[in-house]
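Each chain, written out:
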Amino acid sequence: MAESESGADKSEEPTGKRLEESRKKGQIARSKELNTLAVTLTGTVALIIFGAYMGNVLMDIMRGNFSLPRDVLMSERSMALYLLASGKEALLATQPFLIALLIASIAGPIALGGWLFSAEALQPKASRMNPLAGLKRMFSVQALVELVKALAKFLVILAVALVVLALDQDDLLAIANEPVEPAILHSLKVVGWSAFWLSCGLILIAAVDVPFQLWSHKQKLMMTKQEVRDEYKDTEGKPEVKGRIRQLQREMAERRMMQAVPQADVVITNPTHFAVALKYDPEKGSAPVLLAKGGDFLALKIREIAQEHQVMVLESPALARAVYYSTELDQEIPAGLYLAVAQVLAYVYQLRQYRAGKGKRPGPLPDLPIPPDLRRDG
């Protein structure tokens, strides 16, 4: 089990934040052996596929350059043009091989860890130039693993090379008795297949190195229990700070709610425990909207503000409780309360007309229809 600098056991899995921070720093699992395998194996396969074509083109270039006429040999301008044309033909001939190597050099690192560009990883660090830190890295477990891998690669490649030489012995001896041009093509074939089998030997090294790099990277990111707790506090905030923020948010919401009470058409009360302020604007919506609601002390404040601004206050305990529990602030009331609230608004309108001397005094507020699923008994 890994230990931190303080000696505490790193027994906890790395969190998402820890993994994200490590990627920003360029710290991801990478395998040099996998990159080497990708480049060498791709290069040898490309050499096998395009080797004969490249050999023929290069032989044509050499044959043409060894049979130049005298006037061309004596002209500096002509020699420069021939050199440029030969370089162009050679580049075109080797282009498929070079493109394959380029793709492999990009795909190899991406295969483990994905694509990553970190500007922070490019920044100079004094710790990298510290001799003591360098000595510590030289005699670390990682350095020992790299030494073991180097020895393993040497032994594996040596064993594969001996086997390949033994199998290609007849071909190598036959090349000495062949004409020049067939010998060149034969040599390219032998070299290509020999390099391919040598590259295949790296598969064993990469198969061991990739899991080790993944394990080593995870071990470096493991966390102690205290680090997990500290990160949670930094991410989520300390409980007392979060409580203070929630309190401030509630106070701001209450102030906004109280400022909206004077705009209400009616305030319906319990009469003491609940109060809800409703407004109906047919131009903005199809149903009344809840502007404010509260219980106990807040209910008292809503009633006081409503009375100060001459907003009608009516007692309907069942409707007040139903609106309070079923509707959020600045939201329309549910469809089940449309009829009950419509009767309340009609009663308010009639009462206003009476007070303005334009109608008869309305009777008492009738029993309001509250659906059973919205009713909340006191």
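Residues numbered from 1 in each chain as written. Predicted model: local features only at pLDDT ≥ 70, side-chain atom pairs only at ≥ 80, totals over all residues. Heavy atoms only, no water.

### Here we look at the pairing of strand E1 (residues 266–269)
A two-sided burial pattern is seen for E1, the buried positions comprising Val-266 and Ile-268 on one face and Val-267 and Thr-269 on the other. As paired elements, E1 and strand E2 (residues 274–279) share 4 bridges and run antiparallel to each other. Residue pairing across strands places Val-266 opposite Leu-278, the latter belonging to E2. In textbook terms, the turn of a hairpin is the stretch between consecutive antiparallel strands, and for E1 and E2 this stretch comprises 4 residues. (Buried < 20%, exposed > 50% of the residue type's maximum accessible area, 1.4 Å probe, protein only. Helix = DSSP H or I, 4+ residues; strand = E, 2+ residues; numbered from the N terminus. Pairing = 2+ DSSP bridges.)

### Structural notes on unusual backbone geometry
In this model, Gln-310 sits at a positive phi of 60 degrees, which is unusual for a non-glycine residue. Checked against the element boundaries, Gln-310 lands in the loop between helix H12 (297–308) and strand E4 (312–315). Under the relative-accessibility criterion, Gln-310 is labelled exposed at 76%. With a phi angle near 65 degrees, Asp-330 is a residue other than glycine that sits in the positive phi range. Here Asp-330 is to be found in the loop between helix H13 (317–326) and helix H14 (338–355). Residue Asp-330 is classed as exposed on the basis of its relative accessible area, which comes to 58%.

### Describing H13
When we look at burial in H13, the residues that qualify are Ala-318, Leu-319, Ala-320, Arg-321, Ala-322 and Val-323. Buried positions along H13 lie against E1, E2, strand E3 (289–295) and H14. (Contact = heavy atoms within 4.5 Å.)

### Structural notes on the UniProt feature "transmembrane region" (unreviewed entry) in the chain
Sites flagged by UniProt as "transmembrane region" (unreviewed entry) map to residues 34–54, 97–122, 143–167 and 195–215. Secondary structure across residues 34–54 divides into 100% helix and 0% strand, with the first and last C-alpha atoms of the span separated by 28 Å. The span residues 195–215 shows a helical share of 100% and a strand share of 0%, and its end C-alpha atoms are spaced 31 Å apart. (UniProt positions renumbered as here; feature names shortened; annotations may be inferred.)

### Quick notes on the packing of helix H7 (residues 141–167) against helix H9 (residues 180–221)
If you want to describe how two helices pack, look at the angle between their axes and the distance between the axes. Interaxial distance between H7 and H9 falls to 9 Å at its minimum, and their mutual angle equals 160 degrees. Of the possible angle classes, the one that applies to H7 and H9 is roughly antiparallel. In this structure, H7 meets H9 at a crossing whose hand is right-handed. From H7, Gln-142, Val-145, Glu-146, Lys-149, Ala-152, Lys-153, Val-156, Ile-157, Val-160, Ala-161 and Val-164 reach across to H9, where they touch Ser-194, Trp-197, Leu-198, Gly-201, Leu-202, Leu-204, Ile-205, Asp-209, Phe-212, Gln-213 and Ser-216. Split into classes, the residues belonging to the contact of H7 with H9 amount to 13 nonpolar, 5 polar and 4 charged. (Axes fitted to C-alpha atoms, helices over the stretch in contact; angles between N-to-C directions. Parallel < 35°, antiparallel > 145°, perpendicular 65-115°, else oblique. Left-handed = near helix turned anticlockwise from the far one by under 90°. Nonpolar A, V, L, I, M, F, W, Y, C, P; charged D, E, K, R; others polar.)

### As for the sheet that holds E3
Sheet architecture is open: 4 strands sit in the order E3-E2-E1-E4, paired in mixed fashion. The open sheet terminates on both sides in strands that have one partner only, identified here as E3 and E4. For this sheet, the mean angle separating the axes of adjacent strands, direction not counted, is 20 degrees. Here E2 pairs with E3 via 6 bridges, running antiparallel. Note on E3: the bridge partner recorded for Ala-275 is Gly-294. The sheet contacts of H14 involve E1, E2 and E4, and relative to E4 the element is tilted by about 130 degrees.

### Observations concerning the nonpolar core
Across soluble globular proteins, you tend to see nonpolar side chains buried next to one another. In terms of nonpolar packing, the biggest core is built from 24 residues, with Val-266, Ile-268, Leu-278, Leu-319, Leu-337, Val-344 and Ile-370 touching the most fellow members. At the level of elements, E1, E2, E4, H13 and H14 are the ones that each hand at least two residues to this core. No other element matches the 7 residues that H14 contributes to this core. Apart from the residues lying within four places of it in its own chain, the contact partners of Ile-370 are Ala-318, Leu-319, Ala-322, Leu-337, Ala-340 and Arg-375. Ala-260, Ala-275, Ala-299 and Val-311 belong to the second largest nonpolar core, which has 16 residues in total. (Core = buried A, V, L, I, M, F, W, Y, C linked by side-chain atoms within 4.5 Å.)

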